[in-house]
Amino acid sequence: MTVVDLGVPSLGPADPAPTDGPLVDTFGRIATDLRVSLTDRCNLRCTYCMPADGLDWLPGDQLLAPAELIRLLRIAVTRLGITSVRFTGGEPLVAKNLDDIVAATAALRPRPEITLTTNGIGLARRAAKLKDAGLDRINVSLDTVDAARFSRITRRDRLSDVLEGLAAAKAAGLDPVKVNAVLDPETGLDDAVQLLRFCIDHGYQLRIIEQMPLDADHQWQRGRAVSADDILAALRRHFDLTPNTEPRGSAPAELWRVDGDRGLVGVIASVSHAFCSACDRTRLTADGQVRNCLFAQQETDLRHLMRTGADDDGLAAAWRAAMWAKAAGHGINDPGFVQPDRPMSAIGG
Ligand code: SAM
Ligand code: SF4
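Residues numbered from 1 in each chain as written. Chains lettered and ligands numbered in written order. Predicted model: local features only at pLDDT ≥ 70, side-chain atom pairs only at ≥ 80, totals over all residues. Heavy atoms only, no water.

- As named in an unreviewed UniProt entry, the chain is GTP 3',8-cyclase, taken from Mycolicibacterium tusciae.
- Annotation of the chain in UniProt includes, under Subunit (unreviewed entry), the sentence "Monomer and homodimer."
- Looking at the Pathway (unreviewed entry) heading of the UniProt record, one finds this comment for the chain: "Cofactor biosynthesis; molybdopterin biosynthesis." (UniProt positions renumbered as here; feature names shortened; annotations may be inferred.)

Put into C-alpha cells, the structure is as follows:
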C-alpha cells in the first residue's frame, strides 16, 4: 500500500455519498481543482507519454460538444464548489473552441481561476488572445533546452516554437509562467541544471515532475525514472537551494528558493513522496468521464448521463458519487499496482 496517512474513514464507499455540497470523499478530502482534458490528440509524441505512431484517437461523436462541456463546467462551479479549472489534454491548443471555452468559464460565478497546461506549440500567436479570453496562468511543458535532446524526447523538431510560446506567454502577462519538466532517464539531471538556469534567466518558474506509470506503451520502470532526491542532489551541485517557507497547502510541488532570491524551483515527487493525502483534484476527460484520480480504474460516464436526459441534479449527484469513492492513495508503490488502461494523454495531466 502506498503510505498515505489519512486515518480510518468514519464512512466508507458503501455509505451513500452526500446529496448536496462539495465533492468530498470518505477521507474528508474536498476536491476544488478541476482538470479538464479538451482532446486526446497531440502534435508531439513525448516518449514517456505517447507511442511514436500516436494512438487511436477518440471518435468525434464521443467527445463532449462545447455546449455539453460548458454545462458540466457550470455544474462544477455553481453546485460542486470547484474554484479552479485547468484545461489540458492531449494538447489543448489543438482543441477546437479553446478561446470560447475559456471565455465561457470566465463568465461563471463565482469566477474560477483558469489555467492551461500546454506543450507551447502555437502558443506564440495565441497567448494574448487567451489572456483576453480570461486565462489567468499557464504551464508550458519543456523537458530540455537542448534542441537535439528535445527532438529525441518529443520525436519532433519544435524546440524553437516552444521557446517562442513561452516568451509570448510572459509578454501577455500570464504570470508566473511555469515550465513543467519530466526528466529523461539518460540526460535528465544535466537537462534539469540547464533548464533551471534558463528559467531563472527568463523569469519562468521551473517545476520538475517525477515520471509516472501513465505512458501508453507501459514502459515505465521504477528504477529508471529520475527521483526527486536525485534531482535535488544534482541541482544542489550548481545552485544554493533553501526551502520556501510559504505553506504548501494542496500544491504538489515542494518549492525551493534558488541562490537567495533569484527564483523558485519546484520538485513534484508524485511517486517517491506521494501527496495523495492533500489531493484536491477531480478530472473530466474529453469524452466526458469523471476520474477521481489519475490512477483510477473506474470512471463515471457523465456524457452518457447527459445524452440520456439527466438533469443538473442528476449530473451533480453522479459527480459527487464518483468522488466519494476516491481511494486513499494512487497505489503506485503497492505490490499489486496495475497501471490504468487510459494513458496520460487521454486523461489530462
Ligand atoms: N500536451 C500538454 C503538455 O504536454 O503540457 C498537456 C497534456 S500533458 C499529458 C500534461 C503534463 O503531463 C505535461 O507536463 C507532461 O510533461 C506530463 N506528463 C505526461 N506524461 C507523464 C508521465 N508519464 N509522468 C509524469 N508526467 C507526465
Ligand atoms: Fe503531447 Fe503533452 Fe503527451 Fe507530450 S506530454 S505527447 S505534449 S500530451
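## Some remarks on the site of ligand 2
- Contacts to ligand 2 come from C42, L44, C46, C49, M50, G90 and N119.
- Split into classes, the residues belonging to the shell around ligand 2 amount to 5 nonpolar, 2 polar and no charged. (Near = heavy atom within 4 Å. Nonpolar A, V, L, I, M, F, W, Y, C, P; charged D, E, K, R; others polar.)

## Overview of helix 4 (residues 147-154)
- When helix 4 is considered as a whole, its buried residues turn out to be R149, F150, I153 and T154. Relative to the axis of helix 4, the buried residues are bounded by an arc of 115° and lie together on one face.
- Looking at the buried side of helix 4, the elements it contacts are helix 5 (159-171) and helix 6 (188-202).
- The residue sitting at the N-terminus of helix 4 and contributing the capping side-chain oxygen is D146; that oxygen lies 3.1 Å from the backbone nitrogen of A148.
- Once helix 4 ends, the next one or two residues include R155, with phi positive near 60°. (Buried < 20%, exposed > 50% of the residue type's maximum accessible area, 1.4 Å probe, protein only. Helix = DSSP H or I, 4+ residues; strand = E, 2+ residues; numbered from the N terminus. Arc of directions from axis to C-beta. Contact = heavy atoms within 4.5 Å. Polar contact = N/O pair within 3.5 Å; in protein donor to acceptor, adjacent residues only side chain to side chain.)

## With respect to the sheet that holds strand 8 (residues 205-209)
- Ordered by their spatial adjacency, 12 strands build an open sheet running 9-10-11-8-7-6-5-4-3-12-13-14, and the pairing between neighbours is mixed. A strand with exactly one partner marks an edge of an open sheet, and here the two such strands are strand 9 (241-243) and strand 14 (300-301).
- Bridging between strand 5 (residues 113-118) and strand 6 (residues 137-141) involves 4 bridges; their strand directions are parallel. Across the sheet, the residue bridging to T117 is N139, located in strand 6. (Pairing = 2+ DSSP bridges.)

## So, the environment of E210
- Tracing the backbone through its elements, the reader meets E210 in the loop between strand 8 and helix 7 (228-236).
- E210 sits 61 residues away from V271 along the chain, and the two C-alpha atoms are 6.6 Å apart.
- Not counting residues up to four positions away in its chain, the partners in contact with E210 are V226, S227, A228, I268, A269, S270, V271 and S272.
- From its side chain, E210 meets the backbone nitrogen of S270 in a polar contact 3.4 Å long.

## Looking at the UniProt feature "binding site: [4Fe-4S] cluster 2" (unreviewed entry) in the chain
- Taking the numbering used here, the UniProt-annotated feature "binding site: [4Fe-4S] cluster 2" (unreviewed entry) corresponds to C276, C279 and C293. What stands out for the annotated residues spanning 18 residues is how close their C-alpha atoms remain, the widest pair being 9.3 Å apart.
- As for its position among the elements, C276 is in the loop between strand 11 (263-268) and strand 12 (281-284).
- Within the secondary structure, C293 is located in the loop between strand 13 (289-291) and strand 14.
- Discounting residues that sit within four places of it in the chain, C293 has contacts with R283 and H330.

## As for the site of ligand 1
- Around ligand 1 there are 17 residues in total, and Y48, G90, E91, S141 and M212 lie nearest to it.
- Separating an oxygen atom of ligand 1 from a backbone N or O atom of T118 is a distance of 3.2 Å.
- Between a nitrogen atom of ligand 1 and a main-chain N or O atom of M212, the distance comes to 2.8 Å.
- Burial of ligand 1 by the protein amounts to 95% of the accessible area it has alone, namely 540 Å².
- Those elements that provide at least two residues to the shell around ligand 1 are strand 5 and strand 7 (178-182).
- Taken together, the residues of the shell around ligand 1 break down into 5 nonpolar, 10 polar and 2 charged. (Areas by Shrake-Rupley, 256 points an atom, 1.4 Å probe, with all protein chains shown as cover.)

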